[in-house]
Amino acid sequence: MRAALTGGGLVLAYTAVISSADAITKLIAQGYAAPQLYAISGLIVAAISLAAARRNRARALKTVCPRAMALRALATVVASLCFFHTFRLLPFADVFVFIGLMPIMAALMSGLMLDEHARPAAWAALVAGFVGVLCLMPGGIGAIGAGHLWALGGVVTGTFSLILSRYIGRYESNALAQVFYPNLALGLSMAAALPFVWVPMPMLDLAWVGAYAALLFLARWLLVIALRLLAAYVVTPLLNLQFVWMVALGALAFGEWPAPMTWLGAAIVMVSGLYLIWDQMTPTTREQEELSLRTDP
């Protein structure tokens, strides 16, 4: 129960921080290409991770899962590019439509990759969350465009990265390594394209990129720890709490207000996410029987 509550609190903090970073992405995406944002921010996050590792005397950010870490780095790069174009093409709150698909995808991937199968009651909550997502679809299925396809690609690769983070967390406790390597890969890969897309940046925009990097470092560090405490299919529904922050930031910063059906869908997916936390805290019948056998004189 303590792990579930702590993990839930970390995810809640993550949603507030990452939504603020996403708002900066939407702001920057209108005037710059993706490599310019991610080359600078990725290398800044990697530098912060390296500095933190030296301060805490970590073992040079070594990892015992190099192949999984490489896959996670690649998935992070692809997901970042996908979501960059998503925020450029879609209203801020509409991105939540696809973030809401991540719990179901995480449940499927967790079963295949981690042998963490959702219980039947949890599947009911996941289906309810999908129904809520359908309520959020702006303009119906026929309104799907390039932004929605970019978002779908981001959800697939982003969920894959989360599952790999959960897998790596089974074998090593150094959360900084999982922040350092994906962002280093993002910064270096985007730097290769930077000469072709570079646009001079005023100091204010550079400050925004620096703020984005700091928020991204904090968010990814929080998420890695949360994934060590909670199953991935539990963490991803809680990410739907981003909707609250996305609506607030979209209204205040971009003048975007969601439609009534958006509020209804958000309520459904949030309730399903809270139920999954309760399901994580409740022992299964088998666990109850084993506990009874251990305590029975």
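As annotated in an unreviewed UniProt entry, the protein carries the name DMT family transporter and is attributed to Ruegeria pomeroyi. Among the UniProt annotations of the protein, the heading Subcellular location (unreviewed entry) holds the following wording: "Membrane". Among the UniProt annotations of the protein, the heading Sequence similarities (unreviewed entry) holds the following wording: "Belongs to the drug/metabolite transporter (DMT) superfamily. 10 TMS drug/metabolite exporter (DME) (TC 2.A.7.3) family."

Asks: Which parts of the structure should I look at to understand the packing of helix α3 (residues 66–89) against helix α7 (residues 146–169)?
Replies: Between two packed helices, the angle of one axis relative to the other and the distance separating the axes together describe the packing. Running from N to C, α3 and α7 cross one another at 150°; their axes reach a closest spacing of 7 Å. By the angle class used here, α3 and α7 are roughly antiparallel. Taken as a pair, α3 and α7 cross one another with a handedness that is left-handed. In terms of residue class, the contact of α3 with α7 is made up of 19 nonpolar, 10 polar and 1 charged.

Asks: Explanation requested: the packing of aromatic side chains in the structure shown.
Replies: Working definition: an aromatic ring pair is given by the centre-to-centre distance plus the angle between the planes. Under the counting rule described, the total for this entry stands at 4 aromatic pairs. Centre to centre, the rings of Tyr38 and Phe84 are 5.8 Å apart; their planes meet at 70°, and the pair counts as edge-to-face. Highlighted residues: Tyr38 in helix α2 (residues 34–55) and Phe84 in helix α3, separated in sequence by 46 residues. Here the aromatic rings of Phe180 and Tyr181 are separated by 5.0 Å at their centres, their planes lie at 75°, and the arrangement is edge-to-face. Here Phe180 falls in the buried class, since its relative accessible area comes to 12%. Here the aromatic cluster, defined as three or more aromatic residues joined through ring pairs, consists of Tyr38, Phe84 and Tyr212.

What counts, and at which threshold
- Residues numbered from 1 in each chain as written.
- Predicted model: local features only at pLDDT ≥ 70, side-chain atom pairs only at ≥ 80, totals over all residues.
- Heavy atoms only, no water.
- UniProt positions renumbered as here; feature names shortened; annotations may be inferred.
- Axes fitted to C-alpha atoms, helices over the stretch in contact; angles between N-to-C directions.
- Helix = DSSP H or I, 4+ residues; strand = E, 2+ residues; numbered from the N terminus.
- Parallel < 35°, antiparallel > 145°, perpendicular 65-115°, else oblique.
- Left-handed = near helix turned anticlockwise from the far one by under 90°.
- Nonpolar A, V, L, I, M, F, W, Y, C, P; charged D, E, K, R; others polar.
- Phe/Tyr/Trp six-rings, centres within 6.5 Å; stacked < 30°, edge-to-face > 60°.
- Buried < 20%, exposed > 50% of the residue type's maximum accessible area, 1.4 Å probe, protein only.

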